[in-house]
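# Coordinate analysis (summary)
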Amino acid sequence: MDIPKIKLKLMYEKMIKIRYFEEHVRDLFAAGELPGFVHLYLGQEAIAAGVCTTLRDNDYITSTHRGHGHIIAKGGDLNKIMAELYGKSTGYNKGKGGSMHIAWPLLGILGANGIVGAGLPIAIGAAFSSKYLKSDQVTVCFFGDGASNEGMFHESLNIASAFNLPVVFVCENNLYAVGTRQSEVRKVEDIAARAGAYGMPGVVVDGNDVIAVYEVTKEAVERARTGDGPTLIEGKTYRWRPHFEGEPDTYRPREEVEAWMSRDPIARFRDLLINQNIFTDNELDEINREILAEIRDAIQFARNSPLPAPEEALQDLWA
Amino acid sequence: MRELFYNQAIKEALAEEMRKDSSVVLWGLDIGPYGGANGATKGLYEEFGPERVIDMPISELAYVGMGVGAAATGLRPVIELQFSDWITLASEMIINQAAKMRYMFGGIMEIPMVVRAPIGGYLSAGPQHSNCFESMFSFVPGIKVVTPSTPYAAKGLLKSAIRDNNVVLFFEHKKLYGLRGEVPETEYTIPLGQAEIKRTGKDVTIVTYAYMVHLCISAAEKLAQENIDVEIIDLQTVDPLDEKTILKSVEKTGHLVIVQETWPDCSISSEICARIAGHGLYYLDAPIVRVTAEDVPIPFSPVLEEFVLPSESKIINGVKRALSS
């Protein structure tokens, strides 16, 4: 494995950040501290971390309703993400968007999105911009298995390949769209098989293997960056939590959930790093401790931050 | 002064803005070598090439969404829908994405996107090719909606729409593409949100827009022969409404007739009624009269379409009704 150690460290840090952030959000939400809804990324960390470690700061991503992982992995500020979840004026969106709409274009984050599949047309637009402006930026579009049945998925893939756009489509197939098992509403098992219908390469990858995700994405990103067009990557994964916090998860067999949780992508990566003598237990524990402190700081920051003035609700509509 | 057809005026606006600003790009169905179904982009492909004048597949949802993404990342796309009736397919990207992104992202982003589309009937084009959907999008915060009635207005308003850093829907009327009118050769723009008084009068105010402006002007000439002096306000932009101009006129005349090609319920005319009822009730000497389409889809057979849509005689009757109550 010839991935530089610094990239491996980055992947590990991203995964731990996401894991600890989401675990804390889970508990804060249960305690009634967060308004609205949250959709947690627990269990899917390897995809966000593996993909975003291949990207530059000025590459674009579009995200989903389950977007905390993407935003953290793209370099989002934990304080500003947490404050946004609390609806505070110090959040990325000044409290206007909340969990499903966090955006920060300065890091290429073109927004989490509350509409399933809506990131796909927006992503091809960003990819068009880069191509037109000759900037060699690449756009990564995250979406789920449910989104692959939306018309906008099909339309966007067709346009991406027809115009050879620098976009990488990353499908996080966690087998369920809310409470619907996808095998009941989609005949084709591998979403990546749809790539051929649109004239682009399609790759299936173990979405819980951060190295595999990294390597497959790196190749796709280079392909896009050098003008060779789009790719569809499908990461097989699983969400540990229900669709949203508070939802009774009655639609997934307990054994299935437990089986996936026992194949923890972080534990797996940690084992690999130690077995290959890349890091020691102590070094990784130290990283964990530092990140835990950052998460706790973010929560304090959010708690201590002011709410927006109510009249701010009338601002920011027009440019 | 030279005259241009409405579609030529649109083309000239596009060409001038594209020459001035390389971030302006166009896409839509058949807008390249074909020149657009209504000739509004004729010659642009030859001047600006396939990189800036792009033919799309029939995927309105994705190609309008692509405009949103491009606008969010530094470009100024001006996107054509071949018929505004198909805006329904792109509604998700316009309503839930473009209109909301700046606001829900806390003001960190701009979406300088224009969507151009032809509206309207009087062509026996049938129920799915004769719609006017301006009311549906005026309802949504974060969108501006423009309805030019002349070649002069089309050019001036389109230039403003392209330069605006917000989401603008630019609804051209199919019956007007072949209308000739004076268009200066010197640079000019018309601000969005500003109505124009097409005819001053003292007896009754007609508020109208798009193709209806011309029917109202003909009706006013006939009414003048009966000593009824009509003031005509062409809204030009239906969202935001130029409420000030409307109120000032109604204060003067005391009578209001709203002439609108499309259905009455929850429409631009309804909004005007609400504004007058709230801010100018005591200016009125009589109830407001609305002349609109009948509340049915626009039928195909010419005799049926004529029955459904406004006409000069219906406008004349509407004015007389307003003055007699």
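Residues numbered from 1 in each chain as written. Chains lettered and ligands numbered in written order. Predicted model: local features only at pLDDT ≥ 70, side-chain atom pairs only at ≥ 80, totals over all residues.

Moving on: the overall build of chain A. If you tally the helices and strands in chain A, you get 10 helices and seven strands. In terms of overall size, chain A behaves like a compact globule, its C-alpha atoms giving a radius of gyration of 19 Å where 319 residues would be expected to give roughly 20 Å. Based on the C-alpha atoms only, the size of chain A along its principal axes is roughly 55 × 50 × 40 Å. Burial analysis of chain A (319 residues in total) assigns 54% to the buried set. A separation of at least 24 residues holds for 75% of the contacts in chain A among residues at least 6 apart in sequence. (Helix = DSSP H or I, 4+ residues; strand = E, 2+ residues; numbered from the N terminus. Rg over C-alpha atoms; globule rule 2.2 N^0.38 Å. Buried ≥ 20, exposed ≤ 12 C-beta atoms within 10 Å, placed from the backbone. Contact = placed C-beta atoms within 7 Å.)

Moving on, we come to the domain arrangement of chain B. Residue and element names in this part refer to chain B. Split into domains, chain B comes out as domain 1 (3-182) and domain 2 (196-324). The gap between the C-alpha centroids of domain 1 and domain 2 is 26 Å. For the side of domain 1 that touches domain 2, the elements supplying multiple residues, two or more each, are helix H5 (134-138), strand S6 (143-146) and helix H6 (151-163). Sort the elements by how many residues they give to the side of domain 1 that touches domain 2 and S6 lands first, with four residues. Here the residues of the side of domain 1 that touches domain 2 sort into 11 nonpolar, 10 polar and three charged. (Domains from an automatic or database assignment. Nonpolar A, V, L, I, M, F, W, Y, C, P; charged D, E, K, R; others polar.)

Residues and elements named next belong to chain B. As summarised here, the arrangement of the five strands in space is S9-S11-S10-S13-S14, forming an open sheet in which the pairing is mixed. Bordering the open sheet on either side are strand S9 (196-199) and strand S14 (289-291), each of which pairs with just one other strand. Averaged over all neighbouring strand pairs, the angle between strand axes comes to 25 degrees, with direction disregarded. As paired strands, strand S10 (residues 204-208) and strand S13 (residues 256-259) are joined by four bridges and run parallel to one another. (Pairing = 2+ DSSP bridges. Axes fitted to C-alpha atoms, helices over the stretch in contact; angles between N-to-C directions.)

Following both chains from N to C, one finds helix H6 (residues 151-162) of chain A and helix H3 (residues 60-72) of chain B inclined at 70 degrees, their axes separated by 8 Å at the closest point. Classified by the angle their axes make, H6 of chain A and H3 of chain B are roughly perpendicular. As H6 of chain A packs across H3 of chain B, the resulting crossing turns out to be right-handed. Here Gly 151, Met 152, Glu 155, Ser 156 and Ile 159 of chain A of H6 of chain A come into contact with H3 of chain B, specifically with Leu 61, Ala 62, Tyr 63, Gly 65 and Met 66 of chain B. The class makeup of the residues in the contact of H6 of chain A with H3 of chain B is six nonpolar, three polar and one charged. (Parallel < 35°, antiparallel > 145°, perpendicular 65-115°, else oblique. Left-handed = near helix turned anticlockwise from the far one by under 90°.)

Residues and elements named next belong to chain B. Read from one edge of the open sheet, seven strands run S3-S2-S4-S5-S7-S6-S12, paired in mixed fashion. In the strand order of this sheet, the two ends are held by strand S3 (53-55) and strand S12 (237-239), each with one partner. On average, each strand axis in the sheet is inclined to that of its neighbour by 20 degrees, with strand direction left out of account. Bridging between strand S5 (residues 114-119) and strand S7 (residues 167-173) involves six bridges; their strand directions are parallel. Within S7, the residue paired with Ala 117 across the bridge is Phe 171.

This part takes up the interface of chain A and chain B. Size of an interface, as often reported, equals the accessible area lost when the parts are brought together. Taken residue by residue, the interface counts 36 residues in chain A and 35 residues in chain B. Within the residue set of the side of chain A that touches chain B, elements represented by two or more residues are helix H5 (119-133) and H6 of chain A. Considering every element that reaches the side of chain A that touches chain B, the biggest residue donor is H5 of chain A, with 10 residues. Of the residues assigned to the side of chain A that touches chain B, the class counts are 22 nonpolar, 10 polar and four charged.

All names here are of chain A. For helix H7 (residues 210-225), with 16 residues, the first-to-last C-alpha span of 22 Å sits near the 22 Å given by 1.5 Å per residue. Those residues of H7 that sit buried are Val 210, Val 213, Tyr 214, Val 216, Thr 217, Ala 220, Val 221 and Ala 224. Packing partners of the buried residues in H7 comprise helix H1 (5-30), helix H2 (45-52), strand S3 (167-173), strand S6 (202-206), strand S7 (231-236) and helix H9 (265-275). (Expected span 1.5 Å × (residues − 1).)

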